[in-house]
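# Descriptive structure summary
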Amino acid sequence: FFLNTITLVVTTTSQSTSIKSMSNNIKVSVRVRPLLPRELKAKKAEGEATPVSLVSMPPSDPHKVLLTNPKAQSKNNISIDNKPKSFLFDECIWSFNSKDLNYTDNHKYYEKTGPQLLSHFFEGYNVCLLAYGQTGSGKTYTMMGDKNELPGIIPLLIKDILKQMEISVNEKINCELKFLYIEIYNEQVKDLLTGDTKNGNGNGNSTHASQKCKVREHPVTGPYVENVKEYNIENYTQFLKLLAKGNSSRSTASTSMNDKSSRSHAIITLTLKQTKFEKFSGSSSDSDETNSIGDASEEMVSNIKLVDLAGSERLQKTKLYGQQERIKEGTLINKSLAVLGRCINLLSSNPSSLIPYRESILTYLLKENLGGNCKTCMIFCVSPVDYEETHQTLNYANEVKKIKTLAKANKTKLSNVPIDWQQLQLTDKTVIQSLKNEIDVLTNKLNQMQQLNEPRSHPPQSINNIIEYLDKETNKVKFENKYLKQMMNTKNNHIKELNNHIDFISNEYQLLYNDYEELKHSSLLNRKQELLKECESNKGHMDM
């Protein structure tokens, strides 16, 4: 599908920078794809030997997109409508014809977009990447790609994130990556990584028994999904298994426009927690070995949302007449996308007005990504032969690039002394014994309160401090083991390399010694032959 769409990539760029915050305008990039096989067949039936795209991008101007109206060309009288409509974007990517010099495939496309996303993610900013377009336009292929040939943005980005996490260990930065995968189907949020996947009924439909989740709102971080299961990502193979499980659970169906049309909005959320360790002057770590990681000094928590939106569709094109379930899906998809369009129009024209985020689950979850603390990117996918949809999407993209978000790095300075141990160690008892005593006291108080039907009180702050401290120490020990293991692997590699050099030198010495011995033996044989000849000669003279 990717080869049959125009992809508009919206990435955030910095307008003005301060130390703590950054105002960003949305940047729009346009990407043109080749025709679908069914489109090529239709063109040949109409007598067109060479396929032509309604969208063109002059190679001399990398920012201009021209859209030609095919109906205006058929008129006898040339009017102003016959002129191609011109659009200006920050970047235009040509992927319509693979024989052209400026053709861009999935890997080249990621090379233009991925580095900026990756750098923002590790700098502590929240990032969001959305794919938008009509059904069958190739949004899912652009995001997921083909694992056997051309992977999409998501697999390539995850691979680079995991590589950067390994590099960060050498800088004494502990990285923890969490992964969750949800979908919004019929205005309900479902966890794609829980429940058993069930195949469809033979009509190309895919249903599943995923867990339904509710959407809540945090006073600081904004809306979030409750009770969704998160997975810690340690390696790329583990991620591919989770991604395959989520994709197989996603709701899809067959329509006249797409053999495997996504019937839901899919959202992948990656949360990266970075903890920086360093030695402080005068701390106990100064007396440790040089390989000690020190204490945690700074913490950054950032997240990136990778959103594959369901395609907007029209009933006369999908031809789903009589299929009430499919019609309901399409209606709710168009409703959520319409609310998204209204939010974008208001954010671009009057950001101080009341934005209707709550009218759709999709816009409610993307509230911070559209107008809050986030660097948001958006990908628009359109067909190069559908003038109406292309025109509508390009106008939509013009509105999107006017939106500004205020992104700031989520950094937190950590205290060197997490709790007051003098207050906790009032006696000579061990910490464990102290906890047992406090638990007994709390249990007695709780029993008394239950008898008096009084509300339960919260545990003392000291226990919370101890739990928090022990969690931090546990994470520190785990990362220290990881850091030392990597240092040991590095030294082992050096030792292995030195052993290889020693083996090479030993082999060379043995070869040289063998050559020397062989040469010495050959020289002795030659000398012996010469002496024998000389003796024979002298013997002949003596006989004479």
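These numbers were taken from a predicted model, which means no experiment stands behind them.

## Here's the deal with the overall build of the chain
- Each helix and strand counted, the chain has 14 helices and 22 strands in total.
- When the 544 residues of the chain are sorted by exposure, 42% land in the buried category.
- When contacts within the chain are restricted to residue pairs at least 6 apart in sequence, long-range pairs at least 24 apart make up 71% of them.
- Put simply, the chain shows about 30,700 Å² of open surface, and 52% of that area lies on carbon and sulfur atoms.

## Comments concerning the pattern of salt bridges
- For the structure shown, the criterion picks out seven salt bridges.
- With a closest N to O distance of 3.2 Å, Glu 217 and Lys 367 form a salt bridge. Of this pair, Glu 217 sits in strand 13 (residues 215-218) while Lys 367 sits in helix 10 (residues 367-371); the two residues are 150 residues apart in sequence, bridging distant segments of the chain.
- You can call Glu 217 partly exposed: its relative accessible area is 33%.
- Looking at Lys 367, the relative accessible area reads 27%, which means it is partly exposed.

## Some words on helix 3 (residues 106-122)
- In this model helix 3 runs 23 Å from its N-terminal to its C-terminal C-alpha over 17 residues, within 8% of the 24 Å that 1.5 Å per residue would give.
- Within helix 3, the axis deviates most sharply at Thr 113, by approximately 40°, and proline Pro 115 lies no more than four positions further along.
- Of the residues making up helix 3, those classed as buried are Asn 106, Tyr 109, Tyr 110, Thr 113, Gly 114, Leu 117, Leu 118, His 120, Phe 121 and Phe 122.
- Its side-chain oxygen at 3.3 Å from the backbone nitrogen of His 107, Asp 105 defines the N-terminal cap of helix 3.
- Remark: Gly 124 follows helix 3 within two positions and exhibits a positive phi of approximately 100°.

## Some thoughts on the sheet that holds strand 4 (residues 64-67)
- Reading across from one edge, 3-4-5 is the order of the three strands in this open sheet, with antiparallel pairing throughout. The open sheet has two edge strands, strand 3 (55-56) and strand 5 (85-88), and neither has a second partner.
- Seen against the sheet, helix 11 (residues 387-400) touches strand 3, strand 4 and strand 5 and runs at an angle of roughly 35° to strand 5.

## What to know about unusual backbone geometry
- Backbone geometry at Asn 186 places phi at a positive 55°, although glycine is not the residue there.
- Its place among the elements puts Asn 186 in the loop between strand 8 (173-185) and strand 9 (188-191).
- Residue Glu 187 is not a glycine yet carries a positive backbone phi of 60°.
- Note that Glu 187 resides in the loop between strand 8 and strand 9.
- Its relative accessible area of 22% is what places Glu 187 among the partly exposed residues.

## Considering the pairing of strand 8
- For strand 8, a buried count of 11 out of 13 residues is recorded, marking the element as mostly surrounded by other parts of the structure.
- Where strand 8 meets strand 18 (residues 265-278), 12 bridges bridge the pair, whose relative direction is antiparallel. Within strand 18, the position partnered with Leu 177 by the bridge is Leu 272.
- The pairing of strand 8 with strand 15 (residues 231-232) spans two bridges and is antiparallel. Within strand 15, the position partnered with Lys 178 by the bridge is Asn 232.
- Looking at chain direction, strand 8 and strand 9 are connected through four bridges and run antiparallel. Counted as the bridge partner of Glu 183 is Lys 190 from strand 9.
- Two successive antiparallel strands, strand 8 and strand 9, enclose a turn made up of two residues, where Asn 186 displays a positive phi of approximately 55°.

About the criteria used
Residues numbered from 1 in each chain as written. Predicted model: local features only at pLDDT ≥ 70, side-chain atom pairs only at ≥ 80, totals over all residues. Heavy atoms only, no water. Helix = DSSP H or I, 4+ residues; strand = E, 2+ residues; numbered from the N terminus. Buried < 20%, exposed > 50% of the residue type's maximum accessible area, 1.4 Å probe, protein only. Contact = heavy atoms within 4.5 Å. Areas by Shrake-Rupley, 256 points an atom, 1.4 Å probe, with all protein chains shown as cover. Salt bridge = Lys/Arg side-chain N within 4 Å of Asp/Glu carboxyl O. Expected span 1.5 Å × (residues − 1). Bend = angle between axes of the 7 residues up to and from the residue. Polar contact = N/O pair within 3.5 Å; in protein donor to acceptor, adjacent residues only side chain to side chain. Pairing = 2+ DSSP bridges. Axes fitted to C-alpha atoms, helices over the stretch in contact; angles between N-to-C directions.

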